[in-house]
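Architecture at a glance
What follows is each chain in one-letter form.
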Amino acid sequence: MEKTMIYDAKEFKDAVALAILKEVYDILKERGYNPINQIVGYLMSGDPGYITSYKDARAKITSISPSKILEVIVKEAVE
């Protein structure tokens with residue numbers, strides 16, 4: 001008999017946001033950028049120009065609100 005699984009939507013959204021952030025980090029690194037500087041620049045200014053459009057990195061990171069990105073980073077740091 002299979003059990004019903006319960007998923008927390010917030011945890012799922014956090015996991016998606018973290019996966020996108022890591023993917024954008026890797027894309028920036030692949031292009032020769034300093035990913036931390038570029039992501040921080042984006043978060044501080046709100047200017048998506050800090051993120052390359054290569055492999056849709058800009059579209060991916062702008063699909064998440066900057067506050068959600070910060071929330072996920074802080075949560076990841078303390079857990």
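We now turn to the structure provided with this report. (Residues numbered from 1 in each chain as written. Predicted model: local features only at pLDDT ≥ 70, side-chain atom pairs only at ≥ 80, totals over all residues. Heavy atoms only, no water.)

Bringing the overall build of the chain into the picture now. Each helix and strand in the chain was counted, giving four helices and zero strands. Listing every helix and strand of the chain by position from the N terminus yields α-α-α-α. The C-alpha atoms of the chain give a radius of gyration of 14 Å, which is well past the 12 Å a tight globule of 79 residues would have. A total of 79 residues make up the chain; the buried ones form 28% of that total. Only carbon and sulfur atoms are counted for the fraction: they give 57% of the accessible area of the chain, which is about 5,800 Å². Taking the 11 positively charged and 12 negatively charged side chains of the chain as two groups, their mean positions are separated by 3 Å. (Helix = DSSP H or I, 4+ residues; strand = E, 2+ residues; numbered from the N terminus. Rg over C-alpha atoms; globule rule 2.2 N^0.38 Å. Buried < 20%, exposed > 50% of the residue type's maximum accessible area, 1.4 Å probe, protein only. Areas by Shrake-Rupley, 256 points an atom, 1.4 Å probe, with all protein chains shown as cover. Lys, Arg positive; Asp, Glu negative; His and termini not counted. Charge placed at Lys NZ, Arg CZ, Asp CG, Glu CD.)

With that settled, consider the side chain of Gln38. In this structure, Gln38 sits in helix α2 (residues 35-45). Those residues within four positions of Gln38 in sequence are excluded, and the remaining contacts are Leu28, Tyr33, Tyr50 and Ile51. (Contact = heavy atoms within 4.5 Å.)

A word on the nonpolar core. Membership of the largest hydrophobic core comes to 16 residues, with the highest contact counts inside it found for Val24, Ile39, Tyr42, Ile51, Ile61 and Ile69. Sorting the residues of this core by element identifies α1 (9-30), α2, α3 (57-62) and α4 (66-78) as the ones contributing at least two each. For this core, the element with the most residues is α1, which contributes seven residues. Not counting residues up to four positions away in its chain, the partners in contact with Val24 are Ile51, Ala57, Lys60 and Ile61. (Core = buried A, V, L, I, M, F, W, Y, C linked by side-chain atoms within 4.5 Å.)

In contact at an axis separation of 10 Å, α1 and α4 are set at 95° when each is read in the N-to-C sense. Put simply, α1 runs roughly perpendicular to α4. Residues Lys10, Asp14, Ala17, Leu18 and Leu21 of α1 lie in contact with α4, whose contacting residues are Lys68, Ile69, Glu71, Val72, Ile73, Lys75 and Glu76. For the contact of α1 with α4, the residue count by class is six nonpolar, no polar and six charged. (Axes fitted to C-alpha atoms, helices over the stretch in contact; angles between N-to-C directions. Parallel < 35°, antiparallel > 145°, perpendicular 65-115°, else oblique. Nonpolar A, V, L, I, M, F, W, Y, C, P; charged D, E, K, R; others polar.)

Now for the pattern of salt bridges. Tallying each qualifying case throughout the model produces seven salt bridges. The closest approach of N and O atoms between Glu30 and Lys55, which form a salt bridge, is 3.1 Å. Placement of the pair is Glu30 in helix α1 and Lys55 in the loop between α2 and α3, with a sequence separation of 25 residues. By relative accessible area, Lys55 is classed as partly exposed at 44%. A salt bridge links Lys68 to Glu71, with the shortest nitrogen-to-oxygen separation between them at 3.4 Å. A residue pair is termed a helical-turn pair when its members lie 3 or 4 positions apart in one helix, as Lys68 and Glu71 do in helix α4 at three residues. What makes Lys68 buried here is its relative accessible area of 17%. On the basis of relative accessible area, Glu71 is assigned to the partly exposed category, the value being 35%. Taken together, the shared-partner salt bridges in this structure form one network comprising Lys10, Asp14, Lys68, Glu71 and Lys75. (Salt bridge = Lys/Arg side-chain N within 4 Å of Asp/Glu carboxyl O.)

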